Amino acid sequence: MLFRSKRVAADLKGDIAHLLPKAPKESNGKRVALIGAGPASLTVANDLRPLGYEVTIFEKQGKPGGLMRTNIPSFRLPEQVLADETSAILDMGVDIRYNSPVGSLRSLFEGDGKDRYDAVFIGTGAPRGKDLELPGRAEAAARIHIGIDWLESVAFDHINSIGERVLIIGVGNTAMDCCRTSRRLGGKDIKVMARRSRGYFKASPWELDDAEEEGIHIVVNHAPKRFVVENGKLTGMEFERLEWDAEAKKSRVIETIFLPADDVILAIGQENAFPWIERDLGIEFDKWGMPVVNETTFQSTRPGVFFGGDAAWGPKNIIWAVAHGHGAAISIHNHCQGVPVEDRPEQHSSLISQKMGISEWSYHNDYNPATRQKMQHVDLTERFRKLNVEVELGYAPEQVAREVQRCLNCDIETAFTPKLCIECDACIDVCPVQCLTITRDGPEEEVRLRLSAPAVNPEQALYTSAPLPQTARLMLKDEDVCVHCGLCAERCPTAAWDMQKFDLLIPYAGASCTTSYASQLETART
């Protein structure tokens, strides 16, 4: 997983202050308000401050980071790492106002002087966890917790213990954070309850592995039926044990069982909440209460009001929120400069051959079949002593040296020119993973049965060439199987196959396309 190799680069980065963007000494006269200090808003601030914008962030908590701070436990994301990353942005002169929830969006447009802004970006996340209205919910309310609210209370030291028997309802990443946090606060018998089998879980596979390593029990095919309350006290829950059909669409109840619990944590999803946005400002909301937002410009139906991150289209992830922030910053810059928000620099890409000789390439193309390196973890006896003991220690130097050799050069693509192919089958013979096939055309379902290697992922589209000049057959390639070794291009006698480097140039606010995807990959490798 590339992110673990990137962590090594981050851990060893040293002093990079001289490489970070700097804010100009003078303002450009435009003022932008950002609501929420999560990843989307911080990204907007990062892009606009170097352009001279006066940026003010309104944050309801006493520290920045948004859900990165409140919903990702410190044993996964250390507080100091988050503080360093947020400070790099805030130290550019961002005016951040802590403990300052916005009570009225109108006030940001109709205020006087410093309380009036030229544009507003809303990056408040999806702050409301979904509840589970079942019999017994109200009577047992004191021991039933909403996942994201409970994690926030733990993060700010409002909660420091939990009962020994804990049931977690839900199997997303929030559920994994809840169960592992419960383990550190005194939980001993912790069960994560899932309606379907493991293949339908939303949690990342490594999150599930880490939870099970810590003694968490993951129970599948159980649907919650009711909270059991005796003498005004929660004693557990009843579940229906289910049996699903082959497609996991229809189920039947096999039996009803009781599981004891001192506490129940609900981690079944999150919702947006905008009670502070007046409904007469020209901002349209859909039937689910979500703002109507342009997916390209991130602008709402009121000019000058922009949304991003979970606040725009519901819960996703931090990387998605950062991308929203970059896109929204372009639109905010255009809006404040009187340029249509639709008039934005486009992404550009290029493909350049990496061939340097008959069998020589400008990149390291040896295929290494080694398995992924195992992440080092703190011992179980040590990680439960304190809530903030970081579990993942990162790769050792020798591990990362081996891990980067597994790189499949995703920025190097195979390029095929059908008119040059003489159908000699040399590429097919030399391919170590049998991802290439030359065959006649036909219905896709039937063609897939003729592939050299079975296509295990039917969702992955096959590369299909134009008819070849000799027999009118097609060259097919399964990208899920290809390892980018370049042997097909080395063996091809007519240069019908080539290995070409893909370079993606990404635009940012106030600049043309200056950052290349290929350079990011190169940075990760080095």
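The sections below set out a description of the structure shown in this document.

What counts and how
- Throughout, a residue's number is its position along its own chain's written sequence, starting from 1.
- The predicted origin of the model limits local features to residues at a pLDDT of at least 70 and limits the giving and counting of side-chain atom pairs to 80 or more, whereas totals for whole chains, interfaces and linings rest on all residues.
- Just so you know, side-chain values use all the structure's heavy atoms and leave hydrogens and water out.
- Strand pairing is assigned whenever DSSP detects at least two bridges linking the two strands.
- Secondary structure is summarised from DSSP: a helix means a run of H or I of at least four residues, a strand means a run of E of at least two, and numbering begins at the N terminus for each.
- Every axis corresponds to a line fitted to the C-alpha atoms, with the helix fit spanning only the stretch in contact, and the corresponding angles, defined between N-to-C directions, vary from 0 to 180 degrees.
- By definition in these notes, contact holds between two residues if any of their heavy atoms fall within 4.5 Å.
- The cut-offs work like this: below 35 degrees is roughly parallel, past 145 is roughly antiparallel, 65 to 115 is roughly perpendicular, and the gaps in between are oblique.
- Crossing handedness is read from the near helix: turned anticlockwise from the far helix by less than a right angle, it gives a left-handed crossing, and turned clockwise, a right-handed one.
- The residue classification treats Ala, Val, Leu, Ile, Met, Phe, Trp, Tyr, Cys and Pro as nonpolar and Asp, Glu, Lys and Arg as charged. All others, Gly included, are polar.
- When a carboxyl oxygen of Asp or Glu lies within 4 Å of a side-chain nitrogen of Lys or Arg, that pair is called a salt bridge.
- Whenever a nitrogen or oxygen atom comes within 3.5 Å of another N or O atom, the pair is scored as a polar contact, on the condition that within protein one atom can donate a hydrogen and the other can accept it, and that pairs from neighbouring residues in sequence are kept only if both atoms are in side chains.

Here's the deal with the sheet that holds strand 2 (residues 54-58)
Taken in spatial order, the 5 strands of this open sheet run 3-2-1-4-15, and their pairing is parallel. Strands at the two margins of the open sheet, each flanked by one partner only, are strand 3 (95-97) and strand 15 (305-307). The mean inter-strand angle of the sheet, taken between neighbouring strand axes irrespective of direction, is 20 degrees. Contacting strand 1 (31-35), strand 4 (119-122) and strand 15, helix 10 (residues 318-336) runs over the sheet at an angle of about 165 degrees to strand 4.

Thoughts on the packing of helix 7 (residues 173-184) against helix 8 (residues 205-213)
Look at helix 7 against helix 8: their axes get within 10 Å of each other, and the N-to-C directions meet at 20 degrees. Judged on the interaxial angle alone, helix 8 and helix 7 are roughly parallel. Every pair of crossing elements has a handedness; the one defined by helix 7 and helix 8 is left-handed. Here helix 7 contributes Asn 173, Met 176, Cys 179 and Arg 180 to the contact with helix 8, which in turn contributes Glu 207, Leu 208, Asp 210 and Ala 211. When the residues that make up the contact of helix 7 with helix 8 are grouped by side-chain class, the tally is 4 nonpolar, 1 polar and 3 charged.

A word on the pattern of salt bridges
In the structure shown here, the tally under the stated rule is 35 salt bridges. Between Glu 214 and Arg 180 there is a salt bridge; the shortest N-O distance is 2.9 Å. One end of the pair, Glu 214, is in the loop between helix 8 and strand 9 (217-219); the other, Arg 180, is in helix 7, with 34 residues separating them in the sequence. Among the ionic pairs, Arg 184 bridges to Glu 214, the shortest N-O distance being 2.8 Å.

Digging into the side chain of Ser 104
Among the structural elements, Ser 104 can be located in the loop between strand 3 and helix 5 (106-110). Within the structure, Ser 104 has its side chain in polar contact with the side chain of Glu 278 (distance 2.4 Å).

Some points on the sheet that holds strand 10 (residues 222-230)
Strand order across the open sheet formed by 3 strands is 10-11-12, with antiparallel pairing between neighbours. Single-partner strands in this sheet number two, and they are strand 10 and strand 12 (251-260). Within this sheet the neighbouring strands show an average axis-to-axis angle of 20 degrees, counted without direction.

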